[in-house]
Amino acid sequence: MECLKFSIFGAVQGVGFRPFIYVLCTKLGLKGEVYNDSEGVKLFLGGSKEQILEFEKRLFVELPPLARIDKIEKIKIENQNFTEFKITSSKQTSKFTPILPDFAICDECRAEFYNKANERFHYPFINCTNCGPRISIISELPYDRKNTTMAKFKMCKLCKSEYENPLNRRYHAQPISCPNCGPKLFFKDKFGNLLSGDAIKNCIDALKNGKIVAIKGLGGFHLVCDALNNEAISLLRERKHRPKKPFAIMCKDSKIASEFAIISNDEKMLLESNVKPIVILKLKNNGKIPPNLAPSLDKIGIFLPPTALHLLIFEYFKNPLIATSANLSGEPIIYNEQILLKKLGSVIDYYLDNDREILTPSDDSIAVVVDKKPMFFRTSRGLNPKIYLSNFKQKGTFLSVGSELKNQFCIYKDGQIFISPYLGDLKNVATFERFKSVLAMFAKNYELKFDAVISDLHPNFLHTKYFENQGFIVQKVQHHYAHLLSALDENKLLGQDRKFLGFCFDGTGYGEDGRIWGGEVFKFDEFGYERVAHFDEFLLLGGESSIKNIDQLAFSILKKYDIQNEQFLGKFSQTRLKNLETLYKKELNSFYSSSLGRIFDAFCAVVCGLEKVSYDGEAGMMLEALYDNNIKNDYKFKLENKKIIYKEAFECALKDEPKVAATKFINGICKLLVEMAKKWNLPVVLSGGVFQNQTLLINLIDKFKEENIEFYINSQNPTNDSGIALGQMVWYLSNKNCV
């Protein structure tokens, strides 16, 4: 008999890993024990060489859906005379049990939900170790039921028997419950009055009558209404002050979703995955979606029901539902009824609540499929928090606080990386408070004291100042460099002793020279960068106001290149034109920027006549909707003295039809990047929010492949500012003498 000890690291606690090991070892006739400890899982095995080889083979092939193995250490031990295989008590010497994200309903629970003979038929809170709430209900570690908001629900005989049975997939599933012992639903009006009758029936009636209902899901409330009811959508827009930003819709299944969007096999797999993200899809031009759901766009966000509660609603409501986060613009998702009534009492008509308390809210994750692989724009439910073993060996505990917009933070502790869920824009006071509370939750549960704090180079970010005021000497790294380093890390390109050509394009990032960068070309590695080119700078007239008033950006660029066009200038009143002339001439309240994101905005103002944007990315998405694959020509972009000149694009756009202009603009950028990649002859790395433009990215990838250009992108770590924190941490670990 051979005896071995396995030390298994990764997402192996709270995901049904020990019962899986128990069942597998029992089937193979192996003896030994398995238990959780502070590092992960320890496994002692006794058996023949053949049995152990078969175990190792099946370990990865049959892994539970939520489990992830980062590393296995294996050593031979002396014979232990094991007589059976058993799960033994945890041996925790320090707090490390990973805090996992909330997970959408799994296929097995879904099957039980639809099975009339099952005890949990149509039960809205069905879950097991493969799905259900995690971070949203945890008050402290270790992750035991007594430390969750499920503590107040005493398990019935059935649930307890499943909870204690290692052969059952609900073994130690902390949120386990059933209709006899679990949470209950409540349907209330916007004043908080409980309505009599069946909560689900009341909810369905309200939706059928065009009402706006807030529904409490895994990580917070969604604002919900009939996605095919034009009047209900208009009412939601009016009440939420959301004039044009597209709404995501929830469909019962992918078959229903395919009535409204073109869905590839890869997109279908992503829709149906255990993440259940919002997937950005090509809208079908069949008139089934009301025009006010996604105005002027050719894309639609669709996701499938993440919980049994949503499945239950679709048992009685046949149309897709708008399901958007319940919040005020820029604020975090609302997760309890007191805040809901205070902030959205004038928006909703009713709300469907339950008595399973949420402690830490989470948003829906968002993704697209690019080059047949998922590319995530937001990493929250089903994905983050994410904890994994890195290749860094430094000892110490470090915090990188990320960017101010689309914030996520990153923690490093003795080789482990922790990435928070999506938090949002920290300019907003409520979101900043959420940032502090989620960070405090991690610090408390893992007993963390930070040896260093790393932030963006920008001197005025609220969270940077917060840590400086606490006495930290904050280490700062340039915004776009951090973007690119996040992509290096994700693609396992660190430590290769080679240079890369980085294209980092976004809306705003503080530059080394104190100006606003955003159209950057770097020659770089993890130890430093050289700014080898950038888009020609122009004045952001009126500073921050120009980010919304994009016609001011267009005015500035036309002025810069001395492009005269009476038709465009005629759209401005004489008073405003005079004010802009003064701002430009004296550079009042204005600053220079190389941002390609802002250039996209200005181009849209010229081509589409859009004066203001009402949401982030609106201009780029409008240009995408105009793109015509049949047009192969392009506008010429010139590289002169490290500056990318885009004068011709604006000159020609004033004469061409919008579809032609939008297509040639995107084609021209793609051609430029290919030419630059050939010029420097280095592997290419792409990062930054501009690469959320699917049309630009997909065309660029196709051209890189045609030219055999080696390239890398962000996929699991967002290419937008949510990815900044990881890049900041990579910079610090690569360049500083850590503790």
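Just above sits the structure.
These remarks concern the structure in this document. All residue numbers refer to positions counted from 1 along the written sequence of the respective chain. Owing to the predicted nature of the model, reporting of local features is limited to residues with pLDDT of at least 70; listing and counting of side-chain atom pairs is limited to 80 or more, with chain, interface and lining totals taken over all residues. Only heavy atoms go into the side-chain values, all of them from the structure, while hydrogens and water stay out.

What follows concerns the overall build of the protein chain. Summing up its helical and strand segments, the protein chain has 23 helices and 31 strands in all. What the globule rule says is 2.2 Å times the number of residues to the power 0.38, and the radius of gyration is computed from C-alpha atoms. Its C-alpha atoms give the protein chain a radius of gyration of 27 Å, within 12% of the compact-globule value 27 Å for 739 residues. Taken along its principal axes, the extent of the C-alpha atoms in the protein chain is 85 × 65 × 50 Å. Each residue is assigned to one of three classes by its accessible area relative to the maximum for its type, calculated with a 1.4 Å probe on protein chains only: buried under 20%, partly exposed between the two thresholds, exposed over 50%. Within the protein chain, the fraction of its 739 residues that count as buried is 62%. As displayed, the protein chain offers around 29700 Å² of accessible surface, 48% of which is attributable to carbon and sulfur atoms. Across the protein chain, the mean location of the 99 positive side-chain charges is 2 Å away from that of the 87 negative side-chain charges. Helix and strand assignments follow DSSP, with helices taken as H or I runs no shorter than four residues and strands as E runs no shorter than two, numbered in order from the N terminus. Computed by Shrake-Rupley with a 1.4 Å probe, the accessible areas treat only the displayed protein chains as cover when residues are assessed. Lys and Arg are tallied as positive, Asp and Glu as negative. Neither His nor the chain termini are counted. Positions of charges follow a simple convention, taking NZ of Lys, CZ of Arg, CG of Asp or CD of Glu.

This part covers the packing of helix α11 (residues 429–445) against helix α12 (residues 462–469). Relative placement of two packed helices is described by the angle separating their axes and the distance separating the axes. The axes are straight lines fitted to the C-alpha atoms, using for helices just the contacting stretch, and the angles between their N-to-C directions are given from 0 to 180°. Two elements in contact, α11 and α12, have axes whose closest approach is 11 Å; the angle formed by their N-to-C orientations is 50°. The orientation of α11 with respect to α12, classified from their angle, is oblique. At the point where α11 passes α12, the crossing takes the right-handed sense. Mapping the contact onto sequence places Phe 432, Phe 435, Lys 436 and Leu 439 in α11 and Leu 462, His 463, Tyr 466 and Phe 467 in α12. Any angle from 65 to 115 degrees is called roughly perpendicular, while one under 35 is roughly parallel, one over 145 is roughly antiparallel, and all others are oblique. For a crossing to be left-handed, the near helix must be turned anticlockwise from the far one by less than a right angle; the clockwise case is right-handed. Any two residues having at least one pair of non-hydrogen atoms within 4.5 Å are treated as being in contact.

Turning our attention to the sheet that holds strand β1 (residues 2–11). Strand-to-strand pairing in sheets goes through backbone hydrogen bonds, with the strands running parallel or antiparallel. The five strands are arranged β4-β1-β3-β2-β5 in an open sheet whose pairing can be described as mixed. Of all the strands in the sheet, the pair left with one neighbour each is β4 (68–76) and β5 (85–87). Across the sheet, the axes of successive neighbouring strands diverge by a mean angle of 15°, strand direction being ignored. At least two bridges found by DSSP between two strands are what make those strands a pair. Sheet topology places strand β2 (residues 31–36) next to β5; three bridges connect them, and they run parallel. Bridge pairing in β5 links Val 34 to Ile 87. Sitting on the sheet, helix α1 (residues 17–28) touches β1, β2, β3 (41–47), β4 and β5, and the angle it makes with β5 is about 170°.

Another aspect to go through is the packing of aromatic side chains. Stacked, edge-to-face and tilted are the three classes for Phe, Tyr and Trp ring pairs, Trp counted by its six-membered ring, which pair at centre distances within 6.5 Å; planes under 30 degrees apart are stacked, over 60 edge-to-face, the rest tilted. Counted by the stated rule, this structure contains 39 aromatic pairs. Centre to centre, the rings of Phe 409 and Phe 442 are 5.8 Å apart; their planes meet at 90°, and the pair counts as edge-to-face. Of this pair, Phe 409 sits in the loop between β18 (397–400) and β19 (410–413) while Phe 442 sits in helix α11, and the two are 33 residues apart along the sequence. Assigned by exposure class, Phe 409 and Phe 442 land together as buried. Between Phe 432 and Phe 435 the ring centres are 6.0 Å apart and the planes differ by 10°, which places this aromatic pair in the stacked class.

With that out of the way, let us pick up helix α2 (residues 49–61). The end-to-end C-alpha distance of α2 is 19 Å, a good match for the 18 Å that 13 residues give at a rise of 1.5 Å each. Listing the buried residues of α2 in full gives Ile 52, Phe 55, Arg 58 and Leu 59. All buried residues of α2 lie within an arc of 130° about the axis, which places them on one face of the element. Across from the buried face of α2, at angles greater than 90 degrees, the exposed residues are Lys 49, Glu 50, Lys 57 and Val 61. On the buried face of α2, the contacting elements are β1, α1, β3 and β4. One fewer than the residue count of a helix, multiplied by 1.5 Å, yields its expected span. The directions considered for the arc are those from the helix axis to the C-beta atoms.

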